[in-house]
Amino acid sequence: MNRKVRVRFAPSPTGPLHIGGVRTALYNYLFARQHGGDMLLRIEDTDSARFVPGAEEYIVEALQWLGIEIDEGIGAKNTGKHAPYRQSERKDIYKKYVNQLLEAGLAYIAFDTPAELDMKRGKTANFQYDATTRNGMLNSLTLSDAEVKKRLEAGENYVVRIKIEPNLEICVNDLIRGEVVINSSVLDDKVLYKSVDELPTYHLANVVDDYLMEVTHVIRGEEWLPSAPLHVLLYRYLGWESFMPQFAHLPLLLKPDGNGKLSKRDGDRLGFPVFPLDWEDPNTEVISSGYREAGYFPEAMVNFLALLGWNPGNEQEIFSMQELINLFSLDRVSKSGAKFDYEKGKWFNHKYLQMKSNEDLADIFQHVLVDKDIIEDSEKVIKVVALIKERADFVTDLWEQGFFFFQAPTSFDEKTVSKRWKENTPAQMNELIEKLQQIDDFSAANQEKIVIQWIEEKGYGMGAVMNAFRLALVGAAKGPHLFDITEIIGKQETIARIKRAVSVLAQE
RNA sequence: GGCCGAUUCGUCUAUCGGUUAGGACGCCAGAUUUUCAUUCUGGAAAGAGGGGUUCGAUUCCCCUAUCGGCUACCA
């Protein structure tokens, strides 16, 4: 059977999209594009209690920012022929298959309340609702038809459970891990449907939808591996085994330190975002920071994430989305979890920042300047960016690295002052002012020639003069080539800054 | 506890039985530099342990250990 490749990303709208989810979406997308297939976005909102308003919009916006395009479903240009793509809007569809399973005797109705089940679990260690226990519970297998009917008519809440046949070897053929075999006896009679909200659970919904939506490959996180056999069984029970998608369970993204799945708390604790975009919790109004707002380029994010769990087998590190699409393959996805290395993420952003043209970077940097009420013509900003970009990881770093191109230092670094500002410095600086005063061609090269010549003639220490000069201009012992700075800020400003340093530092 | 999965430098990883176990991030040192940074060069740094299979195992198998995931009327 040769079907068109169709994959889906199916998050639940319970909050902002987690970075691990982003990677899952990315891998699905790369796989779809490489095979000329379709990428669907489906919203798995079968838990009405956990629905968070705004989460769906967030997911769509995040994927858009990253350049992960949706061909069908939520957020797609064309709605698609399998609409709706929100599971809460597909109630009738699921109901039909629930009934089919019920009629075939492959599922049954159970009336045990959550409280009763809790009690059972408290009493019996390792209690599992399955072939060994279902006969002692309140369900359509133990109750008479009349009793079941009576309860149903009375409007009593119930769930539908799958009736797992015990002692069956179930094989899941995973594209990343190979064959995973488990015995059906360790599976419990999972709830497929709950009458309270007339919604199925994930297990039933994802199988039904993947079948109906003609999904060919299910690429999802490793946390789903244990329930994959259940899904296989469901395909079998529904008579769709020959249309069953292929599975690929991705390794998890782990905390950078210690162990465990990467969580929101880790980001807060270690000071980096775990979400693509800023997110404000609608209830608590607490804001969680996102990569976009932290200054990351989406291309860098994609590159970084792509390599967390996959590599092409050579030593290339930088990939465009198109290259990733060409190179990606599921059999080069690693099996073990990857610790999230924020430092490496920064390095990727640094690389992408270096690849940007000075013009593009200047345009972005202008926003930072405007926020600080600094209005500069783009010609100057481009020149500044060219001088300082290689020292920056983020666009915001550009300010830190080059604020002195736009405003005089407001303070002078103490350490540098005590090290570089000596007794005879003010006199030298005054001489320097006079020297600069006489220069007409204020280009860096010409200034440098004249100033150095002057220093040598006078027999001053090169380091002594230049470092004090820098301190006056920048306020600290940092920054690019000194005469590049003076050329850009100009003669007048240069002299003003030296004068100011002489007067301010004299008072100390 | 049970089930499933995983295990190469601190981190991400390459190696598909024979390698001085390679690269990248980070770290350290040196060079360059009037400062800081960049850049360049160099360096330290790894096959969890134990059994097999084999002429030969990081690589294949088993056991143990460790880590992770799952074990809900959550996804």
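Quick caveat, the model's predicted, so the values are computed rather than measured.

Enquirer: Is there a simple way to explain the overall build of chain A in this structure?
Expert: Looking only at helices and strands, chain A has 19 helices and 15 strands in total. For 508 residues, the compact-globule formula gives about 23 Å, and the C-alpha radius of gyration of chain A, at 32 Å, lies well above that figure. Of the roughly 24,000 Å² that chain A leaves accessible, carbon and sulfur atoms contribute 48%.

Enquirer: Could you clarify how one ought to interpret helix α17 (residues 444-458) in this entry?
Expert: Note on helix geometry: an α-helix contains 3.6 residues per turn, so any two residues three or four positions apart are oriented the same way. Across its 15 residues, α17 extends 21 Å between first and last C-alpha, which sits within 8% of the 21 Å expected from 1.5 Å per residue. Taken from the residues just after α17, G459 is the one with a positive phi, measuring 75°.

Enquirer: Mind showing me how you'd approach the protein's contact with RNA strand B here?
Expert: In the neighbourhood of RNA strand B, 59 residues make up the surrounding shell, with T46, S336, R391, A477 and H481 lying closest. For RNA strand B, the backbone portion of the atoms within 4 Å of the protein, that is sugar and phosphate, comes to 69%. Measuring from a sugar or linking oxygen of RNA strand B, one finds a side-chain N or O atom of E317 at 2.9 Å. Between a base oxygen of RNA strand B and a side-chain N or O atom of H481, the distance comes to 3.0 Å. Mapped onto the surface near RNA strand B, the elements with two or more residues apiece are α4 (114-123), β5 (159-162), β7 (178-183), β8 (191-194), β15 (338-339), α11 (342-355) and α18 (462-474).

Enquirer: Which parts of the structure should I look at to understand unusual backbone geometry?
Expert: Note on backbone geometry: most residues besides glycine have negative phi, and most peptide bonds are trans. Cis rather than trans, the peptide bond between A83 and P84 has omega equal to -5°. Here P84 shows up in the loop between β3 (72-73) and α3 (91-103). Look at E285: it is not a glycine, yet its phi comes out positive at around 65°. Its location among the elements puts E285 in the loop between β13 (279-280) and β14 (287-288). The exposed category is assigned to E285, whose relative accessible area is 57%.

Enquirer: What am I meant to see in the packing of aromatic side chains here?
Expert: Ring pairs (aromatic) are described by centroid distance and by the angle formed between their planes. Counted according to the given criterion, the structure contains 27 aromatic pairs. Both rings, one in F304 and one in F348, keep their centres 5.8 Å apart while their planes meet at 40°; by these two values the pair is tilted. Taken as a pair, F304 in helix α9 (residues 298-306) and F348 in helix α11 lie far apart in primary sequence, 44 residues in all. Neither residue differs from the other here; F304 and F348 are each classed as buried.

Enquirer: What is the right way to read the pattern of salt bridges from this model?
Expert: It is possible for side chains of opposite charge to pair when their charged atoms get near one another. If you walk through the whole model with that rule in mind, you get 34 salt bridges. The shortest N-O distance in the salt bridge between E156 and R151 comes to 2.7 Å. With a relative accessible area of 30%, E156 lands in the partly exposed category. Across the pair K380 and E376 runs a salt bridge, and its minimum N-O distance is 3.2 Å. Judged by relative accessible area, which is 16%, K380 ranks as buried. Taking relative accessible area as the criterion, E376 reaches 21% and is therefore assigned partly exposed.

Enquirer: Can you help me understand the side chain of N206 in this one?
Expert: Within the secondary structure layout, N206 lies in helix α6 (residues 202-212). Exposure remark for N206: the relative accessible area of 1% places this residue in the buried category. Sequence-distant contacts of N206, that is, excluding residues within four places in its chain, are made with R8, R42, E44, Q87, R220, H231 and Y235.

Enquirer: What's the story with the nonpolar core in this structure? I'm lost.
Expert: As a rule of thumb, soluble globular proteins bury nonpolar side chains together. Grouped together as the largest cluster of nonpolar side chains are 150 residues, with contacts concentrated most on F340 and F365. Counting residues per element, this core draws most heavily on helix α19 (residues 482-506), at 10 residues. Non-local contacts of F340, meaning those with residues more than four positions away in its chain, are made with I19, L254, K255, P256, L262, F272, Y291, F304, L305 and L308. Membership of the second largest hydrophobic core comes to 8 residues, among which are Y108, A110, L117 and V159.

Enquirer: Whenever I open this one, the side chain of E56 confuses me. Can you help?
Expert: Among the secondary structure elements, E56 is positioned in helix α2 (residues 55-66). The buried category is assigned to E56, whose relative accessible area is 12%. Discounting chain neighbours no more than four positions away, the residues touching E56 are P13, I43, I74 and R86.

Enquirer: For this particular structure, what's the right way to read the pairing of β8?
Expert: The two faces of the sheet receive side chains in turn, since in a regular strand these alternate between them. Bridge count between β5 and β8: 3 bridges; the pairing is antiparallel. Opposite V159, over in β8, you have K194 as the bridge partner. Taken together, the 2 bridges between β8 and strand β9 (residues 199-200) define a ladder with antiparallel strand orientation. The residue of β9 that forms the bridge with K194 is L199.

Enquirer: Can you walk me through the packing of α18 against α19 in this structure?
Expert: For any two helices packed against each other, one specifies the crossing angle of their axes together with the interaxial distance. Direction vectors running N to C along α18 and α19 enclose 90°, while the axes themselves pass 7 Å from each other. If you check the angle between α18 and α19, you find them roughly perpendicular. Here M466, F469, R470, L471, A472, L473 and V474 of α18 lie close against α19, whose contacting residues are L482, F483, I485, T486, I489, T494, R497, I498, A501 and L505. Counted by class, the contact of α18 with α19 contains 13 nonpolar, 2 polar and 2 charged residues.

Enquirer: Teacher, can you tell me more about the sheet that holds β8 here?
Expert: Picture the strands of a sheet paired through backbone hydrogen bonds; they go either parallel or antiparallel. Taken in spatial order, the 4 strands of this open sheet run β4-β5-β8-β9, and their pairing is antiparallel. The open sheet has two edge strands, β4 (107-110) and β9, and neither has a second partner. Note that β4 and β5 share 4 bridges and pair antiparallel. By the bridge assignment, Y108 is partnered in β5 with R161.

What counts as what
- Residues numbered from 1 in each chain as written.
- Chains lettered and ligands numbered in written order.
- Predicted model: local features only at pLDDT ≥ 70, side-chain atom pairs only at ≥ 80, totals over all residues.
- Heavy atoms only, no water.
- Helix = DSSP H or I, 4+ residues; strand = E, 2+ residues; numbered from the N terminus.
- Rg over C-alpha atoms; globule rule 2.2 N^0.38 Å.
- Areas by Shrake-Rupley, 256 points an atom, 1.4 Å probe, with all protein chains shown as cover.
- Expected span 1.5 Å × (residues − 1).
- Near = heavy atom within 4 Å.
- Polar contact = N/O pair within 3.5 Å; in protein donor to acceptor, adjacent residues only side chain to side chain.
- Buried < 20%, exposed > 50% of the residue type's maximum accessible area, 1.4 Å probe, protein only.
- Phe/Tyr/Trp six-rings, centres within 6.5 Å; stacked < 30°, edge-to-face > 60°.
- Salt bridge = Lys/Arg side-chain N within 4 Å of Asp/Glu carboxyl O.
- Contact = heavy atoms within 4.5 Å.
- Core = buried A, V, L, I, M, F, W, Y, C linked by side-chain atoms within 4.5 Å.
- Pairing = 2+ DSSP bridges.
- Axes fitted to C-alpha atoms, helices over the stretch in contact; angles between N-to-C directions.
- Parallel < 35°, antiparallel > 145°, perpendicular 65-115°, else oblique.
- Nonpolar A, V, L, I, M, F, W, Y, C, P; charged D, E, K, R; others polar.

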